[in-house]
Amino acid sequence: MNGWRRTHTCGELGAEEVGQSVVLMGWVDVVRDLGGITFLELRDRMGVTQILISPSSGADVKNTAKRVGSEWVVAVKGEVLRRAEDNVNKSVATGEIEVRADGIEVLSEAKTPPFELNEGVKVSEDLRLRYRYLDLRRAPMRRNLEKRSKLGFAAREYLVGQGFNEIETPFLTKSTPEGARDYLVPSRVHKGSFYALPQSPQIFKQLLMIAGMERYFQIVRCFRDEDLRADRQPEFTQIDIEMSFIEPRDIYSLVEGLFVHMLRAIDIDVSAPFPKLRYDEAIDRYGSDKPDLRFGCEISDLGGVVRGSGYGIFESVLEGGGVVRAIVAKGCAGYSRKDLDNLEVSAKALGAKGLGWARWTDSELKSPLARHLGDDRMKQAFETAGGGVGDLLLIVAGERSRTSSVLGGLRIELAKREGWIREGEWKFVWVTEFPLLEYSESDGRWYSMHHPFTSPHPEDMDLIDTDPGAVRSLAYDVVANGYELGGGSIRIHNSGVQEKIFKALGLSDEEAKEKFGFFLEALQYGTPPHGGIALGFDRIAMLAVGGTSLRDVIAFPKTTSALDMMTGSPSDVTSAQLDELGIALKKV
RNA sequence: GGGGUCGUAGUUCAGUUGGUUAGAACGCCGGCCUGUCACGCCGGAGGUCGCGAGUUCGAGUCUCGUCGGCCCCGCCA
């Protein structure tokens, strides 16, 4: 570097430094060659500074400046000059000054990049991912990663301040039967055996409680081999927390404090405590276990209104134990036939058999259902659901949970379509009292809704044998703006109860012993009551930067088909590598 | 596993009912230019229309298959 040392960054020079001799290093953002005079914009992570190559600059400087192009890395030595008043650029932090180059050194030449790096230039997602290191030079991505870093630092700062120890747990661990599909790692030493990458450090953090650590946390990578979404990557980061001698409310206040502290670090204010909704309430009112509370449009039950109407479809649904429910779309009475058809298509895609509607315009109430229900009953239904003149009523009938999720889905769709969601707003909510178990028709058995170590609600302990579906758990999710940001529970700390749960899940004693024997044994050595939570750090960061995809906050993410466009993984390995692992590939 | 949508110059896109030589902007290259900051002006190069079959006298355009991006359902204890 010519013996030069960088004296300043490209974001800090101003009127105060005028007259100083400085050395800047960075990437050439733009070259503006006006003939006798040339301007370079030099960029580093802190900002951009204009470099002046004037007629009085030496021949060396001028010749070098002629050669350089976009994204070359250069060092510039020169004097900070105050710009004439008409030349000040108010839109740039360093716009009051420029640096007259007395020396310029090319540190690295650069090929013309495959896309322009200016903010605001649209580039396809796959190109950005293939050249991620260039994409990350762009200001929005850099800002996002900086914010993510601050959030992580604030989380550690807060938790350590609360007396937590950050403790690492293994990545090469044991495959467990319940839950998401595992990523497997073959063992070379023990051919035919596999490690699994952790879906979460669940068992280890409970063992740390048994070990007496009392307050553990870890910002840790987790792996799940399931299909991806905008908010789901195969590897993702959790803020994993576990505490001993606590109740759910201790977790609530800890996590509320954590969110307030983290978000304050990037100048976002949120208020705590967060409201709470029981699971069944969330489903009935919002049709989701991760309700978006930034807008209303709650679900209403019309069973009382339509019962006895004589309308065959509704009557038979009600007789069969189903429900007739509705949402009111405020101000949407003007929807066209086509709009309504589109909504019906959505409803069917969400699992509805059909979609009933009624539009209450100034003059009249229009609905294909009026013929069956009568105008009075129709109007009553409208009012029961909280609607009136100018509104649209959407009715779904069927099995309870299906109907809820359909209306919940329509609710979200309407909110997006009608712009009911105010950007920048944060609506947190705790969803509590999740069911302990859910039944799988296809497998003919019960599964844990959270995980098999979740404590049943003490009041429901006796129902485990008689009515497993009615057992509530001490599990909770923290939800913001319709995203599940975390979930946790109070754990079972009694090996008898744990065995009972394994039995309810259809695990034989032998299976339980084979898969979790070490853990069942550990529970017998003096286990403190304990519980915890795992927060989705990527999702928190995504919401905090105003993003819509985890790719916005992950430096090197995977595509929706779990490919890494940059490295080309996953990829073939040599037959020698396979031999060493004792693995033979099947033809697929 | 399923549904939707996209794939044309380095990039972002346009391309009519299937019809002559596939266009624009930005970028890139060359020239001119002493106050630009989206610099300006003049000129130029640049295309396996993702890939493979098929229909047709003729395919960027139609059909089938396939690969890939994005969004969604299933799945994600």
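Nothing here was measured: the structure is a model prediction, and the numbers come from that model.

K.L.:
I'm lost on the confidence of the model for chain A in this one. Help?
P.N.:
Where the model shows low pLDDT, its predicted coordinates should not be examined in detail. Residues at a pLDDT of 70 or more form 100% of chain A, whose mean pLDDT is 94. As a predicted assembly, this complex carries a pTM of 0.95 together with an ipTM value of 0.93.

K.L.:
Help me understand the nonpolar core in this model?
P.N.:
Looking at soluble globular proteins, one finds that nonpolar side chains tend to be buried together. If you look at the biggest cluster of nonpolar residues, it comprises 46 residues, and the most contacted ones within it are Ile 241 and Phe 428. Every residue in contact with Ile 241, bar those within four places of it in the chain, is listed here: Leu 159, Phe 164, Lys 205, Tyr 216, Phe 217, Leu 254, Leu 258, Arg 491, Gly 532 and Ile 533. Among the nonpolar cores identified, the runner-up in size contains 22 residues, and Ile 327, Leu 343, Ala 347 and Leu 355 belong to it.

K.L.:
Help me out: how do you make sense of the packing of aromatic side chains in this one?
P.N.:
To describe a pair of aromatic rings, you give the distance between the ring centres and the angle between the ring planes. Under the counting rule described, the total for this entry stands at 19 aromatic pairs. Aromatic side chains Tyr 252 and Tyr 476 sit 5.5 Å apart centroid to centroid with 85 degrees between the ring planes, which places their arrangement in the edge-to-face category. Here the residue Tyr 252 occupies a position in helix α6 (residues 248-264), and Tyr 476 occupies one in strand β20 (residues 475-480), the gap between them amounting to 224 residues. Consider the rings of Phe 259 and Phe 274, whose centres lie 6.2 Å apart with planes at 55 degrees: the pair is tilted. Here the residue Phe 259 occupies a position in helix α6, and Phe 274 occupies one in the loop between α6 and β11 (276-278), the gap between them amounting to 15 residues. Just as Phe 259 is buried, Phe 274 falls in that class too. An aromatic cluster of at least three residues, connected via ring pairs, comprises Tyr 252, Phe 259, Phe 274, Trp 426, Phe 428, Trp 430 and Tyr 476. Note that Arg 445 overlies the ring of Tyr 447, its terminal NZ or CZ placed 3.8 Å from the centroid.

K.L.:
When you look at helix α13 (residues 400-418) in this model, what are you seeing that I'm missing?
P.N.:
Given 3.6 residues to a turn, an α-helix orients residues that are three or four positions apart in the same direction. Relative to the 27 Å expected for 19 residues at 1.5 Å per residue, α13 spans 27 Å between its end C-alpha atoms, a close match to the ideal helical length. For α13, the full list of buried residues reads Thr 403, Ser 404, Val 406, Leu 407, Gly 408, Gly 409, Leu 410, Arg 411, Leu 414 and Ala 415. If you follow the buried residues of α13, they end up packed against α7 (279-286), β13 (323-329), α10 (337-349) and β16 (392-398). Immediately beyond the C-terminal end of α13, within one or two residues, lies Gly 419, with a positive phi of roughly 70 degrees.

K.L.:
What is the right way to read empty space enclosed by the protein from this model?
P.N.:
One simple way to see leftover space: roll a probe sized like a water molecule over the atoms. Evaluation of the coordinates by the stated rule reveals 1 cavity of 30 Å³ or more. Estimated volume of the largest cavity: approximately 40 Å³. Lining the largest cavity, in full, are Leu 129, Arg 132, Phe 556, Pro 557, Asp 564, Met 565 and Met 566. Here the lining of the largest cavity is composed, by residue class, of 5 nonpolar, no polar and 2 charged.

K.L.:
What is the right way to read the protein's contact with RNA strand B from this model?
P.N.:
Around RNA strand B lies a shell of 45 residues, among which Glu 226, Ser 448, His 450, Thr 559 and Thr 560 are the nearest. Counting only the atoms of RNA strand B that lie within 4 Å of the protein, the sugar and phosphate share comes to 52%. Within the contact set of RNA strand B, a sugar or linking oxygen lies 2.6 Å away from a side-chain nitrogen or oxygen of Glu 226. Backbone polar atom of His 451 to a sugar or linking oxygen of RNA strand B: 3.0 Å apart, as the coordinates give it. Broken down by secondary-structure element, the contributors of at least two residues to the surface near RNA strand B are β1 (21-33), β2 (38-44), β3 (47-53) and α2 (125-130). Looking at the surface near RNA strand B residue by residue, the classes come out as 14 nonpolar, 16 polar and 15 charged.

K.L.:
Explain the sheet that holds β2 to me, please; I cannot follow it from the model alone.
P.N.:
Each strand in a sheet pairs with another by means of backbone hydrogen bonds, the pair being arranged parallel or else antiparallel. Around the barrel, which closes on itself, the 5 strands sit in the order β1-β2-β3-β5-β4 with mixed pairing between neighbours. In this sheet, neighbouring strand axes are inclined to one another by 55 degrees on average, regardless of whether the strands run parallel or antiparallel. Two strands pair when backbone bridges link them, and β3 and strand β5 (residues 97-108) are joined in this way by 2 bridges, in the parallel orientation. When the bridges of β5 are listed, Leu 52 appears paired with Arg 100. Of the strands in this sheet, β1, β3 and β5 touch helix α1 (residues 59-67), which is tilted by about 70 degrees from β5.

Cut-offs applied
- Residues numbered from 1 in each chain as written.
- Chains lettered and ligands numbered in written order.
- Predicted model: local features only at pLDDT ≥ 70, side-chain atom pairs only at ≥ 80, totals over all residues.
- Heavy atoms only, no water.
- pLDDT = per-residue confidence, 0-100.
- Core = buried A, V, L, I, M, F, W, Y, C linked by side-chain atoms within 4.5 Å.
- Buried < 20%, exposed > 50% of the residue type's maximum accessible area, 1.4 Å probe, protein only.
- Contact = heavy atoms within 4.5 Å.
- Phe/Tyr/Trp six-rings, centres within 6.5 Å; stacked < 30°, edge-to-face > 60°.
- Helix = DSSP H or I, 4+ residues; strand = E, 2+ residues; numbered from the N terminus.
- Lys NZ or Arg CZ within 6 Å of the ring centre and 35° of its normal.
- Expected span 1.5 Å × (residues − 1).
- 1 Å grid on protein atoms, 1.4 Å probe; cavity = no way out; pocket = protein on both sides within 12 Å on 5 of 7 lines; lining within 4 Å.
- Points joined across faces, edges and corners; volume = space filled by probe spheres on them.
- Nonpolar A, V, L, I, M, F, W, Y, C, P; charged D, E, K, R; others polar.
- Near = heavy atom within 4 Å.
- Polar contact = N/O pair within 3.5 Å; in protein donor to acceptor, adjacent residues only side chain to side chain.
- Pairing = 2+ DSSP bridges.
- Axes fitted to C-alpha atoms, helices over the stretch in contact; angles between N-to-C directions.

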